Amino acid sequence: MRGIEGAQEVVKIVVTVSLMVALIFVALWIWPEDQAHPLGNLVSTGELKVAGVTLTGQRLLTIGTAIVVAIVLRFILRGTRLGIAMRAVVDDRSLLKLNGGRPDRTSMLSWALGASLAAVSGVLLASEQAPSVIPLTLLVVNAYAAAVVGRLRSIPGAFAGSIVLGLAISYVGAYTPADAAWGPIALDNLQRAVPAIMLFLVILAQPQVRLRAHSLQRARRPMPVPNQRLAAIGGLVLVATVVGIGSLMSGPDQNTLLKGFGFAIATLSLVPLTGYSGQISLAQLTFTGIGAVVMASWGASGDVFWVFVAVAVCSAVGALVALPALRLSGIYLALATAAFAIFCYWMVFQQQDVMPGSTASVPYLKIGPLEVGSDFGQLVVLAVAFAVIANVLVALRRSAWGRRLTAMRDSPVACATLGLNLMSTKVGVFALSAAIAGAGGALAGRTFVVDDFGLDQSLPITMLAVVGGIGSVGGALLGGLLLGVAPIATTALAANAIGVFRVLQRLGHPGDLGHAGLHGDRPRAHPRRCRSRHRGRLPGLLPLREAIAAAIVAAAALWLAARTELIANWGLFAAVVVLAFAVLPVLPAILPPPGENRRGRVGPTAVWLVVLLAVTALIPWENAIGSTGFRLIAILGWTVLGALTTLGILGLDPTGRLNVSGASPDHIGLDSSLGDAEAMVAAAEVGVDEELLSVPTPVALEVLRGGGDR
Amino acid sequence: MSAQIPGSRSGAASSSKPLLELRGVTAAYGGIQVLHGVDLEVPEGAVLALLGPNGAGKTTTISVACGLMEPTAGKVYMAGADVTGVGAEELARRGVVTVPEGKGIFPNLTVKENLLMATYAGVDMDHVEAVAYEQFPRLGERRTQVAGTLSGGEQQMLAMARGLAVNPAVLLLDELSMGLAPLVVEELYGIVARIARTGTSILVVEQFARTVLGVADLAAVMVNGRVRAVGRPSEIENELSAAYFGV
């Protein structure tokens, strides 16, 4: 976790969450869900009767362990230097260093301590609860519900909280029979919602977080304000691509892509919320679910009117959730939204009146006389919806309100002192975000089941939004699509999503690693390496008519080849990936904008690119690699290889710097990566000799400028 | 021309060898270079005041000296040994005490727990407490109070108490006076003078020159990432006003 130290709170939370998601996948891989893993009691003998209640040996052991752990923990954290240093790390990491402490080791130990305690609880729980990955993981909600009572700091508080929670769960279980109901609302799942309800209530009872003026992180990389024209073109390209690819797909594949786009819109809903305004929500799919349910139960005809109703309902619910969330930030906000997601899962979506038969069937869209009749049609509708919403968001970001959101993210205190109404801004952005997520549900055009709306489904949405580059519309598309296609992509890819994305990001932006994603918004690389960002960067694609035309021609040729079944669908997919990530980024060097010179070896590169695309398209991916997940990984690897080779042929190294052969002194430190020998030659040309190298730099510079003596 | 070159041995106290020495240090935040070749020497047992306007690179110089930041080029020497790239925690254990700008304490720990953190430098807790409470009786009264609830002056005293108790070889102080009342500042600089008398070499960064110049043996003026002049406080007054007023 060292790498994310100093990053935004959102990024920290999301990295932790993605670790959790990845571990879930790994656990499911090792212990498949369809096998039972029964465990016996640790202590099978011994019973104790206290006031008529029978306590088994196992439970006595649990209670005893809890008490011992609490006492020992308190002693460690209050009484030992190591424990106090663990708390000091939270306060000020670098100050601990300045004191001579070792913060890295200290935090590692506190993570280890936390993890081992969790493992102890797992061992003790194993006999009480069937060990199954996702329910056990979601016990984290119970844990937080208890710990928040002590404001995540006090051990006695957490202890008291856990006793109250345990009693509440037992009482609710005992007093609500299987068919209990409150009016039309069935209460049979109330017991399972208790931890979420308690978590929500306890968080609401927390005193308001005082607005604190913290010093700004100086080195934070500003998030670029998106370009409206680029967004518009991107939208058109997206719709064209979806039409092109979708028309080639088989029915099941279209359905998968449909699902992916639903997720992409849900991910898009996080762009204004998390990306622009720095709020966090772990409940986006709950809103998607509300949108889907509204559409399925009222708008079964598919009339577009009901889409707007669904959006309005979601936005109202979003605003309602936001109201209590206003006072919260960071981890408390994340927890509150997680509690909301769990509550809705058990108490809303499980109601038979809400989702009859635990399914919600969202119809295809109908606008007046126009009626969508197939998955393909709905896919185009979703692509259009995504493009439109994305463009609205970009326009919003560029508007006064968008600036206000960003200002709120950067410094709530400054906003408050300027007289900005934080409350209405927050409610507004939550409502907007919920509305977008709801639209994703209402336009989904497929059948949902209850489990689609659980917290465990929402977590990856938030994760992938950040990984894809939060605050960027393109990142949302990438993140959402990846999640939607995850069932195909199998566990390996999902667990490795972060790695894959970083590769993609690197390729998409040669020489520019400054994407505001997992890079944590701060310069982590050694400063000397950072400097290379400013060198030799290729210009953007937009002003390059010839390059764009070439890309369109290539895409059209691939589409025709696939349409005439000259190449297989997977060949087309691979070729498109290669086109997007290995070919497009170097086109500006080959077909430069007017007034700029071509760079690198243009002729061989152009030939190579055509060959690369053709070979990629013709490889029989589907027959060569059986598993879809590994096929995707192979395609990505192939793309990386292709991109590196392209750069090699062109004479660009992977960071986008130009290799200059035949050193010119003009290039020193500017636009080139010189080897030592070349540097010496260049240095000699300007009159640097051994003697000069031995004096301090300022003196040497002074001499070189012609002034000083040696 | 070479007379103007910063760091060329022009100081008064150059007879004794430097305990802390920066040679041609450059440093950068991301792509932005902040220090462009800083040469600076703090002679043994001397107090050197590093002065200069906002953005001159004073705090960055301290960060490099205390090991929190690695220079992109140049060397840092402590008592003649090359310590370039040695981590802050290692330097702290070797007797460098740094009081960073405006936040030398852990706000969520109690006063006593804060003092306990000073023991990493190799002194025992009884000694730390004895020195701290003797010097600052007010801290003694508040030993179980959470440090974040102390007043600004008391917080700075707590930070300084560490410097006193550890008996460091080098003390690095960044903007000691920030946000404090003049009386408190006087008191704190009284402590600085007392620490100096024990033979500790001190590098103190200040934006407001007057108080610190009363304590300092030497002063260096920093502008735009370079040391523009070094000398006795009386010698550098012109440079100082030029630096602040851009004359």
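This text goes with the structure placed above it.
All figures in this text were calculated on a predicted structure; none of them were measured in a lab.

Conventions and cut-offs
- Residues numbered from 1 in each chain as written.
- Chains lettered and ligands numbered in written order.
- Predicted model: local features only at pLDDT ≥ 70, side-chain atom pairs only at ≥ 80, totals over all residues.
- Heavy atoms only, no water.
- Patch = residues over 30% accessible without salt bridge, like charges linked within 9 Å, V, L, I, M, F, W, Y side chains within 5 Å.
- Areas by Shrake-Rupley, 256 points an atom, 1.4 Å probe, with all protein chains shown as cover.
- Salt bridge = Lys/Arg side-chain N within 4 Å of Asp/Glu carboxyl O.
- Helix = DSSP H or I, 4+ residues; strand = E, 2+ residues; numbered from the N terminus.
- Buried < 20%, exposed > 50% of the residue type's maximum accessible area, 1.4 Å probe, protein only.
- Polar contact = N/O pair within 3.5 Å; in protein donor to acceptor, adjacent residues only side chain to side chain.
- Pairing = 2+ DSSP bridges.
- Contact = heavy atoms within 4.5 Å.
- Core = buried A, V, L, I, M, F, W, Y, C linked by side-chain atoms within 4.5 Å.

So, about a nonpolar patch on the surface. Residue and element names in this part refer to chain A. A surface patch of nonpolar side chains, about 830 Å² in accessible area, is lined by Ile63, Ile67, Ile71, Phe159, Ile163, Leu167, Tyr171 and Tyr175. Taken together, the elements giving at least two residues each to the nonpolar patch come down to helix 2 (57-79) and helix 7 (155-175). The leading source of residues in the nonpolar patch is helix 7, at five residues. By the secondary structure assignment, Ile67 is in helix 2.

Along an α-helix, residues three or four apart share an orientation, since each turn contains 3.6 residues. Listed as buried for helix 4 (residues 125-135) of chain B are B:Met125, B:Val128, B:Glu129, B:Val131, B:Ala132 and B:Tyr133. The N-terminus of helix 4 of chain B is capped by B:Asp124, whose side-chain oxygen sits 3.2 Å from the backbone nitrogen of B:Asp126.

All names here are of chain B. The residue Thr72 is located in the loop between helix 1 (58-66) and strand 4 (73-78) in this model. On the basis of relative accessible area, Thr72 is assigned to the buried category, the value being 7%. In this structure the side chain of Thr72 is engaged in a polar contact, spanning 2.7 Å, whose partner is the side chain of Thr26.

Residues and elements named next belong to chain B. For strand 1 (residues 18-29), the tally of buried residues reaches 10 of 12 residues, placing the bulk of the element in the interior. Direction of pairing for strand 1 relative to strand 2 (residues 32-43): antiparallel, over a ladder of nine bridges. For Ala27, the partnering residue across the bridge sits in strand 2 and is Leu35. The antiparallel pairing of strand 1 with strand 2 creates a hairpin that spans two residues between the two strands, and Gly30 there sits at a positive phi of about 60°. In this sheet, strand 4 lies alongside strand 1 in antiparallel orientation, the contact comprising five bridges.

Right, let's talk about the side chain of B:Ser201 for a bit. All names here are of chain B. Within the secondary structure, Ser201 sits in strand 8 (residues 201-206). Within the local environment of Ser201, its side chain forms a polar contact with the backbone nitrogen of Gly45, the two atoms lying 3.0 Å apart. Sequence-distant contacts of Ser201, that is, excluding residues within four places in its chain, are made with Leu19, Val42, Pro43, Glu44, Gly45, Ala46, Ala169, Val170 and Leu171.

Core analysis: the biggest nonpolar cluster contains 105 residues, and A:Leu199, A:Ile203, A:Phe261, A:Phe349, A:Phe386, A:Leu393 and A:Leu455 have the highest contact counts within it. At 15 residues, the largest contribution of residues to this core is made by helix 14 (residues 330-349) of chain A. Formed by 98 residues, the second largest nonpolar core is a distinct cluster that contains B:Ile62, B:Tyr133, B:Leu150 and B:Leu171.

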